[in-house]
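# Results of the structural survey
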Amino acid sequence: MSRGWKITVVVAAVAGIVSTPLFWLLDSPDSGQLVGASVQAATGVVALVWALVQRQPAPAPGPADVAVDTGTAAATGGGAAHTGVRRPGGTGTGSAKAERTGDATADGPGSSAGTGVDYT
């Protein structure tokens, strides 16, 4: 259950627990009204407990990105070279693994090189 729905159910349950039974009980209830107020309050309590014990579902795992035994890479003149897995800004929900990646070299101003998993 999403957080928004959980809050909505909790607020509605608390309102149901407090409001109508309170109005019925303040008006000298007969036995039928007392039973109705009790049932309504119990229903509100059950809804409240149910909403509080709900958990967020786990996100579905994403694909696994793997780089193994890659070759060499070279960057010159402001270029970029990478021999592993690139995840710009940490995107992706699955795992990322790099094993035995090749050499990466950068030559010249503004050039960059990297091996392994790159989250930048």
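Okay, so let's go over this structure. Only a predicted model underlies this, so the values are computations on that prediction, with no experimental measurement involved.

Tallying secondary structure elements over the protein gives two helices and eight strands in all. Beginning at the N terminus, the succession of helices and strands in the protein can be written as α-α-β-β-β-β-β-β-β-β. Computed over the C-alpha atoms, the radius of gyration of the protein is 30 Å, more than 25% above the 14 Å expected from 2.2 N^0.38 for a compact globule of 120 residues. Principal-axis analysis of the C-alpha atoms places the extent of the protein at approximately 90 × 25 × 10 Å. Residue pairs in contact within the protein that sit at least 24 positions apart in sequence constitute 66% of those at least 6 positions apart. Accessible surface, the protein as shown: approximately 8,000 Å² in total, 62% of it carbon and sulfur.

Scanning the model with the defined rule gives five salt bridges in all. A salt bridge links Asp65 to Arg87, with the shortest nitrogen-to-oxygen separation between them at 2.9 Å. Separated by 22 residues along the polypeptide, Asp65 in strand 1 (residues 65-68) and Arg87 in the loop between strand 4 (85-86) and strand 5 (96-99) bring together distant segments of the chain. The salt bridge involving Arg100 is made with Asp69; its shortest N-O contact spans 2.8 Å. With Arg100 in the loop between strand 5 and strand 6 (104-107) and Asp69 in the loop between strand 1 and strand 2 (73-76), this pair connects stretches of sequence that are 31 residues apart.

Moving on: the side chain of Ser111. In this fold, Ser111 is placed in the loop between strand 6 and strand 7 (112-114). Ser111 sits in the buried class, given a relative accessible area of 17%. Polar contacts involving the side chain of Ser111 include one to the main-chain amide nitrogen of Gly78, which spans 2.9 Å. Apart from the residues within four sequence positions on either side, Ser111 is in contact with Ala75, Thr76, Gly77, Gly78, Gly79 and Ala106.

Turning our eyes to something else, we now look at the environment of Ser111. Here the alpha-carbon distance between Ser111 and Thr76, two residues 35 residues apart in the chain, equals 5.8 Å. A distance of 3.1 Å separates the side chain of Ser111 from the backbone oxygen of Asp107, its partner in a polar contact.

Here we take up helix 2 (residues 31-53). Its 23 residues place the ends of helix 2 33 Å apart at the C-alpha level, agreeing with the 33 Å of an ideal helix rising 1.5 Å per residue. The set of residues buried in helix 2 consists of Ala37, Gly44, Leu48 and Ala51.

This part takes up unusual backbone geometry. A positive phi is found at Asp69, a non-glycine position, where the angle reads about 50°. Here Arg100, not a glycine, exhibits a phi torsion of approximately 45°, which is positive. Overall, Arg100 belongs to the exposed group, its relative accessible area being 55%.

Definitions and limits used
- Residues numbered from 1 in each chain as written.
- Predicted model: local features only at pLDDT ≥ 70, side-chain atom pairs only at ≥ 80, totals over all residues.
- Heavy atoms only, no water.
- Helix = DSSP H or I, 4+ residues; strand = E, 2+ residues; numbered from the N terminus.
- Rg over C-alpha atoms; globule rule 2.2 N^0.38 Å.
- Contact = heavy atoms within 4.5 Å.
- Areas by Shrake-Rupley, 256 points an atom, 1.4 Å probe, with all protein chains shown as cover.
- Salt bridge = Lys/Arg side-chain N within 4 Å of Asp/Glu carboxyl O.
- Buried < 20%, exposed > 50% of the residue type's maximum accessible area, 1.4 Å probe, protein only.
- Polar contact = N/O pair within 3.5 Å; in protein donor to acceptor, adjacent residues only side chain to side chain.
- Expected span 1.5 Å × (residues − 1).

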